[in-house]
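Given next are the chains, with one letter for each unit.
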Amino acid sequence: MKNNIKIFLLVIIYTFPVYADEQDRISIKTIAENCNGCHGYDGAGVGIKKLYSIRNKNYQYFIDKMTEYKTKKNSNVMNRLVTVLSKEDIIGLANYYYPKN
Amino acid sequence: MRTRRKFIKYVLSGIIGFPLLKGVRANYKPKVVVIGGGFGGSTVIKYLEKYIENLDLILIEKKKNFYTCPFSNYVIGGFRDINQNKFSYNNIIRRGVNVIFDNVKFIDSENKKIQLNNSNISYDWLVLSPGIGFKWDSIIGFNQKNSINNPIAWSGGKESSILFKKINSLEDNAKLIIVAPDYPYRCPPAPYERACLIAHFLKKKKKKFKIIILDKKDSFTKKELFLHVWKKLYPNSIEWISRSKGGIVNEFNAKENYVVLKSGQKVFGDFFNLIPDQKASDLIFNSRLSSQDWCQINPVTFALKNHNNIHVVGDSINAWDMPKSAFSAYSQAKICAENLKNRIFGNKIEQPVFLNTCYSLAAENYGFSISSWYRTNSEQNRIVSLGSKSSPTDASYAERAREARESYDWYSSITQELFS
Ligand SMILES: Cc1cc2nc3c(=O)[nH]c(=O)nc-3n(C[C@H](O)[C@H](O)[C@H](O)COP(=O)(O)OP(=O)(O)OC[C@H]3O[C@@H](n4cnc5c(N)ncnc54)[C@H](O)[C@@H]3O)c2cc1C
């Protein structure tokens, strides 16, 4: 029964907690792999139409869109997912999906 | 305190103290066997293929086709064909994975051997994602035999179609009983989504009916949303009886069509969907890999406690705050594949972060979801939620329709990624 209650005890933390040890840092790739659960393998979209691709725009579009999800009130699933991401995370993700070179 | 310290030590040993390390050479071709080609296992396969070039990769799966549990409630709700939930392993075979269709009987972890029906297979590393098993003693009188006529439909597949046929043949004023299990169980919102979609179907057929959910719990996931939606879409048709209001069911009488509550009261019905309490897959206990209901794993590497060369993901594990879902299994499996590679080659272990999003439909075009990110606590001995967020209760019909569509997009994304 105790275990059950825990599921409802939600720890409200608004960004990924950074622990004291530098070793504990989570990598941007690890975050991105979770995004790809909806955005397809490598974030390249779903099916032939590449629906939901997050690789087919550009760096700035990505940052603007993510910032919009974070600041604008909307009932989109993206609004709920970005709450834990810091500004640095968003920039990191933009660099990950749109590597410069 | 002692055991806690021991556990931390065990967690750390999974990360640092890897004995094979010195022997790993550049041309080393590890033999990795994955048991269970469901959501967890297929994801591990996909990402081991991606991460390790020189690999002897074997998948052992007992069924020729995989029927997803996600969207099986849509079949029960009468708006999805069961064949749309069916995936073959042909593409995984085409990608070069050695797929063996067989039922694993026993895992001999000491000798790193897997016993199949008529043969044995050895491994260097083993990954398990065999799903759930049922606690058949949780409802007296409900057993594997009479569950054939009253399918649980908790493993995808044909059972969902049988349930649908039963619902389709119900007369007017039918009384339907759903028995919801205690935590932890596969897909927390599924019993309540199922109630909605049965109601959706019967309402469309213009039938009068009553669905009674007898629950072992006092709360459930997305409860506020579900209660709100029941009132809005199916007024007076779905009744939820919580644990403290007497919802615990002790017994089932299949011959006379009633269940007996803890209070002794009989509740008669025209349709029963009894969902027993759950535990890890039978394979885990047959192989004596866990003394508890769920596998105890290292939350960073997914190494099984006391069995260093075996990793476990998905519904079979105790994942602390993470619910048992396909999304969770997928998220865990990616970290497992990454850190298994790191263990094999002696690389730095990656810090995990996990995500889950569970969509539920309350009608064909009426969806909502709950999401949460997870990571390990600072002691790295458990997975903790960073806070769940669900769709607002006051969303418009258009927004609900959009989320329903998005659930289909998620489904095609994950199934295409894994099975194509
Ligand atoms: C009604 C319902 C609706 C759901 N909806 C959703 C949803 O919308 N979203 C979501 O994220 N999750 C959903 N889930 C949960 C999801 O189905 C599970 O959490 C997920 O399947 C877990 O993955 P797994 O790999 O642990 O197990 P599974 O996907 O069940 O895979 C286990 C595999 O192992 C094989 N196997 C088992 N034992 C052996 C053996 N001895 N030898 C060989 N092979 C073996 C099985 O045949 C199976 O293919 C739902 C579940 C239900 C019941």
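See the structure shown above.
This one's a predicted model, so the numbers in the text were calculated from it and none came from an experiment. (Residues numbered from 1 in each chain as written. Chains lettered and ligands numbered in written order. Predicted model: local features only at pLDDT ≥ 70, side-chain atom pairs only at ≥ 80, totals over all residues. Heavy atoms only, no water.)

**Here we look at the site of the ligand**
All names here are of chain B. Test applied: By convention in these notes, a residue is near a molecule or strand provided one of its non-hydrogen atoms lies within 4 Å of it. In the analysis that follows, any N or O atom pair within 3.5 Å is treated as a polar contact, provided that within protein one partner can donate a hydrogen and the other can accept it, and provided that, for residues neighboring in sequence, both atoms belong to side chains. Every accessible area reported is derived by Shrake-Rupley at a probe size of 1.4 Å, with residue values counting cover from the shown protein chains alone. Under the scheme used here, helices are H or I runs from DSSP no shorter than 4 residues and strands are E runs no shorter than 2 residues, and both carry numbers assigned from the N terminus.
Near the ligand, the surroundings consist of 33 residues, among which Gly40, Glu61, Ser129, Arg186 and Asp315 are the closest. Phe39 places a polar main-chain atom, nitrogen or oxygen, 3.2 Å from an oxygen atom of the ligand. A distance of 3.1 Å separates a nitrogen atom of the ligand from a polar side-chain atom of Asn103. Against a free-state accessible area of 1000 Å², the protein chains account for coverage of 95% of the ligand. Residue assignment for the shell around the ligand shows that the elements contributing at least two residues are α2 (39–51), α3 (72–76), α6 (190–204) and α9 (326–345). Looking at the shell around the ligand, the element that brings in the most residues is α9, giving 3 residues.

**Let's talk about the interface of chain B and chain A**
Basically, it comes down to this: Residues are treated as being in contact if the distance between any of their heavy atoms lies within 4.5 Å. Buried area: the accessible surface (1.4 Å probe) lost by two parts on joining, summed over both. Salt bridges, as used here, are contacts in which a Lys or Arg side-chain nitrogen is within 4 Å of a carboxyl oxygen on Asp or Glu.
Residue-level contacts link 54 residues of chain B with 40 residues of chain A. Among the residues of chain B in contact with chain A, Trp373, Arg375 and Leu386 of chain B are the three that bury the most area, contributing 17% of the side total. Between Glu338 of chain B and Lys29 of chain A there is a salt bridge; the shortest N-O distance is 2.7 Å. For the interface between chain B and chain A, the tally reads 16 residue pairs in polar contact (both at pLDDT 80 or more). Put simply, the parts of the chain that give the side of chain B that touches chain A at least two residues each are α2, α9, β21 (353–363), β22 (366–376), β24 (389–390) and α10 (397–419) of chain B. The element best represented in the side of chain B that touches chain A is α10 of chain B, accounting for 11 residues.

**Section: the pattern of salt bridges**
The condition that has to hold: Burial here depends on accessible area, computed with a 1.4 Å probe over protein chains only, as a share of the maximum for the residue type. Under 20% is buried, over 50% is exposed, and the range in between is partly exposed.
Going through the model one piece at a time under the given rule, you end up with 18 salt bridges over all chains. For Glu33 of chain A, the salt bridge is made with Lys334 of chain B, and the minimal N-O distance between the two is 2.8 Å. Separated into two different chains, Glu33 of chain A in helix α2 (residues 28–39) and Lys334 of chain B in helix α9 make up a pair that spans both. A relative accessible area of 4% means that Glu33 of chain A is categorised as buried. Across the salt bridge formed by Lys210 of chain B and Glu239 of chain B, the nearest N and O atoms sit 3.7 Å from each other.

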